[in-house]
Amino acid sequence: MMLIRPPRFLSPSPAPGPREPRLRRPVDASRIFSSPRPPGRRPRAASPATDLRRLTARIVDLTRRRQLAQVRLSCLPHTLFLWPLGLDSAGVVAQIMEEVEAARRRARGGGVLNTIVMNAVLDACVRCGDVDRALRHFEEMRGPRGCGVDGVSYGILLKGLGIARRIDEAFEILESIEKDSSIGSPRLSPHLICGFLNALIEAGDMRRANALVARFRKVLYEGHSVLLYNLLMKGYIKSNFPLGALTVKDEILRQGLKPDRLTYNTIISACVKSAEIDKAIQFLEDMKEEANRESNPELLPDAVTYTTLLKGFGNSRDLYSVLKIVVEMKSSLLSIDRTAYTAMIDALLACGSIDGALCIFGDIIKQAGNNKDLRPKPHLYLSIMRAFAPRGDVDMVMRLSKRMWPDSVGFISRAAKEEAHELLMEAAINNNQIDLARGLLRRIVNEKEYFSWTSRVGLVAVKVESLSGFTNSLLRPHVFPQIILDDPVEKYMVSFQESRPLPADIILRKVVMRFLKDRAVPLVDDWGSCVGIVHRDDCTKLDAPLLSMSRGPPLCVPTSTTVEHVIDLLLREKSEMVVVVKSGNMYEGSYTSSSRPLGVFSLAILWSFIGDYSSDIQDPDFSRVTTLKQNAEACNCS
């Protein structure tokens, strides 16, 4: 049986009568189901309100995802040029403004955006540190062609001025709001002032914070909330007087208010910072007692409370109290997160209970199989490795080092990788595995830029060197048979033209490849005088002139200065190069524009006189110039 479809379109003819149904070709089902929309319907254009909501969400997302990190070139070792990954703060603001201008061009009615979108732009400028741009946008918003401002706009601007330490301008805005002379008729409210107050507290400026509270006390206290007092207590903790938070608690009680959980947590943190552990315990008991008396579970201690106490007990080496807190946390209905588990392990390790720390660590690994949020961070592995390295437990340190890569969560920094190698070397030397320790030391010396002899790795390196003997030493000294230290520097210098100086006003981007070979380059002005020396380590701005990245006037010495004195000068000033001028033109160490440079002497010239020359040797620190280290980084360590 054949199915006949009814006609889709009726004939426009007015003549009545029966009409034969028109047969249509069956439509392929795959075409129907693969169509993105029903046949015959056009997609509706998004409304202007929807576009503005999407723009606001886009601005907020860009603000949150701003990336300020800059990395070194991985393909060139020991190169300190900074290259941006993604967008930095200025790039985020530029991207936001580009999308806002595009939205204005698409908008109807003159291209005016609403206040919500512009408030998001203001917040992006403040979070990226561009307060001047935020002020310009604020003036544009409240102008005759602007979208207008509201209380949120003023709150964001006040917060930005507080972060930028432009306190006088913020107080002028607050006074204009108080006098009701501000455009938009904003109302003074605790929420409006607390953003500015929090910025002052974060900066540790309690003098101005207290002045702000005293000036607008009536407004701030009208809500009868403990938010203001919690902010003031946080400010005292950031200052050098954390116990001042206790006086704020007394003020809360005098005002007839009830402290909340944040109030107690802040007070306990102040007691821990002041090493008043007994007072912290007393406030913990008060917290529990008040919660039980009022049947208020919101007052019971949370993970932040116990984490703060664990830090205090760990600092005081009170193992009994640490174990008591751990048992109390595990026996309660408290949700223990990764931060709380990490605090348990750190406190147990600080008290010397390695077995207890391993039990908690095993509990984390066991639960992390079902809860990915409990996967430990690299810091936890390093903390446990620091406990086993002095014991000489090479197997445990090596096992933890290997499992840190696949089992930890988060970014493993270069410093963490280096510390893992150093701890393994320490465990090896404490276990009398000299060959393993020497191999690890060689790897550390080749990869690490520098380390101090007084650091953990420096002390272990000294022990490795002493056990290896002079003939097997990785840091054995070298002598310069071709150089006589009493000779004048003129004998070993390179002529100034051979050093290929660069113009002082040239942009780094145009000559960036020059610094891949040379660690320091002299700069000259239009008259051929040397005006500075730019070092590779200081080349951080590609669009800046070289002179702006130099370290002031160049180090200059007369031609008669001895080589020994010149090298001592280079090491003392931490410079790579000195300029040699004609004797009698100047006093040693100073420079005048009339002094014509004759040549340069650099550490790279000195390294060329040793057999195992490496262009990456930098900043060696040795007492006598006759000895140098075989390895560049090892020389830098001293």
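All values reported here derive from a predicted model rather than from experimental measurement.

## Overview of the sheet that holds strand S6 (residues 520–524)
Read across the sheet, three strands follow the order S5-S6-S7 without closing on themselves; strand pairing throughout is mixed. Both edges of this open sheet fall to strand S5 (502–503) and strand S7 (530–535), since each of them pairs with a single strand only. Of the pairings in the sheet, the one linking S5 to S6 comprises two bridges and is parallel in character. Note on S6: the bridge partner recorded for Pro503 is Val524.

## What to know about the sheet that holds strand S8 (residues 556–558)
The mixed open sheet is built from four strands, whose spatial order is S4-S10-S9-S8. Strands with a single pairing partner mark the edges of an open sheet, and in this sheet they are strand S4 (494–495) and S8. Of the pairings in the sheet, the one linking S8 to strand S9 (residues 577–581) comprises three bridges and is parallel in character. Paired with Cys556 across the two strands is Val579, which belongs to S9. Its contacts with the sheet put helix H24 (residues 563–573) on S8, S9 and strand S10 (597–602), and the angle it makes with S10 is roughly 70°.

## A few points about the side chain of Lys288
Following the sequence through the fold, Lys288 ends up in helix H14 (residues 277–293). In this structure Lys288 touches Pro301, Tyr306 and Glu328, once residues within four positions along its chain are discounted.

## Some points on the confidence of the model for the chain
Detailed reading of the predicted coordinates is not advisable wherever pLDDT is low. This prediction gives the chain a mean pLDDT of 76; 77% of its residues lie at or above 70. Every residue in residues 1–37 scores below 50 in pLDDT, and together they form 10 contacts with partners more than four places removed in sequence or on other chains.

## A look at the packing of aromatic side chains
This structure, assessed with the given rule, holds three aromatic pairs. When the ring of Phe171 is compared with that of Phe196, the centres are 5.7 Å apart and the planes differ by 80°; the resulting orientation is edge-to-face. Remark: Phe196 occurs in helix H8 (residues 190–202) and Phe171 occurs in helix H7 (residues 167–178); sequence separation between them is 25 residues. Phe196 carries the same exposure label as Phe171, and that label is buried. On the basis of an interplanar angle of 85° and a centroid distance of 5.4 Å, the ring pair of Phe361 and Tyr381 is categorised as edge-to-face. With a gap of 20 residues between them, Phe361 in helix H18 (residues 354–368) and Tyr381 in helix H19 (residues 378–388) connect regions that are remote in the sequence. The exposure classification of Phe361 matches that of Tyr381, with both residues buried.

## Regarding the environment of Gln482
Within the fold, Gln482 resides in the loop between strand S3 (477–478) and S4. Separated by 127 residues in the primary sequence, Gln482 and Phe609 have C-alpha atoms spaced 6.9 Å apart. In this structure, Gln482 is in contact with Tyr492 and Phe609, ignoring residues within four places of it in sequence.

## Notes on the nonpolar core
Counting 130 residues, the largest nonpolar core has Ile59, Phe196, Leu212, Leu310 and Ile345 as its most contacted members. Ignoring sequence-local partners within four residues, the contact set of Ile345 consists of Ala357, Ile360, Phe361, Ile364, Leu380 and Ile384. By size, the runner-up hydrophobic cluster in this structure holds 19 residues, among which are Leu485, Val563, Ile567 and Leu606.

## Comments concerning the side chain of Thr115
Take Thr115: it is sitting in helix H4 (residues 115–127). Here Thr115 falls in the buried class, since its relative accessible area comes to 18%. A polar atom in the side chain of Thr115 sits 3.3 Å from the backbone oxygen of Gly148. When residues no more than four places from it in sequence are discounted, the contact partners of Thr115 are Met141, Cys147, Gly148, Val149, Asp150 and Ser153.

## Quick look at the pairing of S7
Within S7, five of the six residues are buried, leaving the element largely enclosed by the surrounding structure. Two strands pair when backbone bridges link them, and S6 and S7 are joined in this way by five bridges, in the antiparallel orientation. Paired with Val521 across the strands is Val534, a residue of S7. With antiparallel pairing between neighbouring strands as the criterion, S6 and S7 make up a hairpin whose turn holds five residues, including Gly528 at a positive phi of roughly 85°.

## Thoughts on the pairing of S10
Counting buried positions along S10 yields five of six residues, so the element is predominantly enclosed. Bridging between S9 and S10 involves five bridges; their strand directions are antiparallel. Its bridge partner being in S10, Val580 is matched across the sheet by Gly599.

## Remarks on the UniProt feature "repeat: PPR" (unreviewed entry) in the chain
With numbering matched to this structure, UniProt assigns "repeat: PPR" (unreviewed entry) to residues 114–144, 225–259, 260–294 and 302–336. As annotated, residues 260–294 has a helix share of 86% and a strand share of 0%, and its two end C-alpha atoms lie 12 Å apart.

Reading the values: rules and limits
Residues numbered from 1 in each chain as written. Predicted model: local features only at pLDDT ≥ 70, side-chain atom pairs only at ≥ 80, totals over all residues. Heavy atoms only, no water. Pairing = 2+ DSSP bridges. Helix = DSSP H or I, 4+ residues; strand = E, 2+ residues; numbered from the N terminus. Contact = heavy atoms within 4.5 Å. Axes fitted to C-alpha atoms, helices over the stretch in contact; angles between N-to-C directions. pLDDT = per-residue confidence, 0-100. Phe/Tyr/Trp six-rings, centres within 6.5 Å; stacked < 30°, edge-to-face > 60°. Buried < 20%, exposed > 50% of the residue type's maximum accessible area, 1.4 Å probe, protein only. Core = buried A, V, L, I, M, F, W, Y, C linked by side-chain atoms within 4.5 Å. Polar contact = N/O pair within 3.5 Å; in protein donor to acceptor, adjacent residues only side chain to side chain. UniProt positions renumbered as here; feature names shortened; annotations may be inferred.

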